[in-house]
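# Fold and geometry: a report
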Amino acid sequence: MNIIKAQPKSITTESTKYCPGCGHGIILRLIGEAIDELGIREKMILTAPVGCAVVLYDYIFCDVVECAHGRAPAVGTAIKRVHPDKFVLIYQGDGDLAAIGMAEIIHAANRGENMSVIFVNNATYGMTGGQMAPTTLIGQKTTTSPSGRTIKGMGKPIRVCELLATLEETKYLERTSINSVRNINKTKAAIRKVFQNQLNGIGFSMVEILSMCPVGWKVSPVEAIQFIEEQMINYFPLGVYKNVE
Ligand SMILES: Cc1ncc(C[n+]2csc(CCOP(=O)(O)OP(=O)(O)O)c2C)c(N)n1
Ligand code: SF4
């Protein structure tokens with residue numbers, strides 16, 4: 001029998017805690033593949049955030065530092081400076097990165113820290129029951145915007161790639177999605193790119209991944225994919241926002 005695709009060695013084989021249809025599981029698989037392909041498991045240190053994003057640490061065989069809400073880029077900065085030979089992975093949801101941790105990500109990007117950021121944008125706070133995030137779309141209903149997000153009083157959803165692209169020290173910024181096989185493959189390539197950039201010492205690199213949270217959005221897994229295709233991609237255009245070699 002020819003084995004075409006095997007389970008990545010750097011991630012566990014157990015079932016995940018993620019809800020059915022959640023995007024975190026797909027992203028976990030892509031991260032595992034990229035770690036194996038680049039051979040970085042032994043030198044990787046994961047800075048874990050809060051949120052459903054945090055349980056990544058249960059499935060990856062690498063060292064982990066659990067960080068206070070939003071502080072992963074600050075903790076990652078410290079690790080990278082003390083151990084420049086280590087590989088630092090920053091994995092954050094939108095509540096973590098773009099709400100309480102907005103200052104940390106902006107300043108890490110502005111300093112041009114040589115780190116790899118994977119930013120999971122599911123337009124909500126998944127773990128704590130689907131509250132409004134900085135990325136929640138206009139009109140989107142959440143537990144804290146039950147009539148739908150409005151510009152007045154709540155502001156517009158924040159486009160993080162576009163925001164960080166204004167900082168001169170950022171080196172690679174791309175927004176991808178995992179709504180289709182084609183886009184999953186593009187996401188994998190972007191993850192590899194942000195990993196390779198750190199290995200090459202290029203500097204601050206981030207991929208923002210539009211991801212499904214069917215439970216937080218209170219829709220079926222199929223409807224969650226449609227929500228990305230019909231709503232999220234319109235407001236958060238996919239593509240490369242910065243690429244400095
Ligand atoms: C200082 C602090 N405030 C609040 C919380 C509660 N909390 C845990 S997870 C979470 C939301 C995380 O949302 P997001 O980053 O979007 O991740 P997701 O669950 O969607 O993956 C919050 C507010 C916390 N852990 N620490
Ligand atoms: S609440 Fe949302 S982000 Fe969290 S595991 Fe469930 S589907 Fe995924």
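Structural notes, computed from the coordinates. (Residues numbered from 1 in each chain as written. Chains lettered and ligands numbered in written order. Predicted model: local features only at pLDDT ≥ 70, side-chain atom pairs only at ≥ 80, totals over all residues. Heavy atoms only, no water.)

### Some remarks on the site of ligand 1
- Around ligand 1, a shell composed of 16 residues is seen, among which Cys52, Asp94, Gly95, Asp96 and Met127 lie nearest.
- In this structure, an oxygen atom belonging to ligand 1 sits 2.9 Å away from a main-chain N or O atom of glycine 95.
- Within the backbone of methionine 127, a nitrogen or oxygen atom sits 2.9 Å from an oxygen atom of ligand 1.
- Burial of ligand 1 by the surrounding chains reaches 72%, relative to a free accessible area of 600 Å².
- Broken down by element, the shell around ligand 1 gets its largest block of residues, three residues, from helix α3 (residues 94-100).
- Taken together, the residues of the shell around ligand 1 sort by class into five nonpolar, nine polar and two charged. (Near = heavy atom within 4 Å. Polar contact = N/O pair within 3.5 Å; in protein donor to acceptor, adjacent residues only side chain to side chain. Areas by Shrake-Rupley, 256 points an atom, 1.4 Å probe, with all protein chains shown as cover. Helix = DSSP H or I, 4+ residues; strand = E, 2+ residues; numbered from the N terminus. Nonpolar A, V, L, I, M, F, W, Y, C, P; charged D, E, K, R; others polar.)

### Some words on the side chain of glutamate 208
- With respect to the element layout, glutamate 208 can be found in strand β6 (residues 205-210).
- A polar atom in the side chain of glutamate 208 sits 2.9 Å from the side chain of asparagine 121.
- In contact with glutamate 208, other than residues within four places in its own chain, are Phe119, Asn121, Val160, Cys161, Glu174, Arg175, Thr176 and Phe236. (Contact = heavy atoms within 4.5 Å.)

### Here we look at the packing of helix α1 (residues 23-38) against helix α7 (residues 181-199)
- In the contact formed by α1 and α7, the axes pass within 9 Å of each other and the chain directions differ by 45°. Comparing the axis directions of α1 and α7 gives the class oblique. Judged by the twist between their axes, the crossing of α1 over α7 is right-handed. Contact residues: α1 offers Ile26, Leu30, Ile31, Glu33, Ala34, Ile35, Glu37 and Leu38, while α7 offers Ile184, Thr187, Lys188, Ile191, Arg192, Phe195, Gln196 and Leu199.
- Its residues assigned to classes, the contact of α1 with α7 comprises 10 nonpolar, two polar and four charged. (Axes fitted to C-alpha atoms, helices over the stretch in contact; angles between N-to-C directions. Parallel < 35°, antiparallel > 145°, perpendicular 65-115°, else oblique. Left-handed = near helix turned anticlockwise from the far one by under 90°.)

### Overview of the sheet that holds strand β5 (residues 172-177)
- In spatial order, the strands read β2-β1-β3-β4-β6-β5-β7; together these seven strands make up an open sheet with mixed pairing. With one partner strand each, in any of the chains shown, β2 (63-66) and β7 (239-243) form the two edges of the open sheet. Sheet twist, expressed as the mean angle between neighbouring strand axes with direction ignored, is 20°.
- As paired elements, strand β4 (residues 116-121) and β6 share six bridges and run parallel to each other. Residue pairing in the sheet places valine 120 in a bridge with isoleucine 209 of β6.
- Sheet strands touched by α7: β1 (44-48), β3 (87-93), β4, β5, β6 and β7. Its angle to β5, the strand with the most contacts, is close to 160°. (Pairing = 2+ DSSP bridges.)

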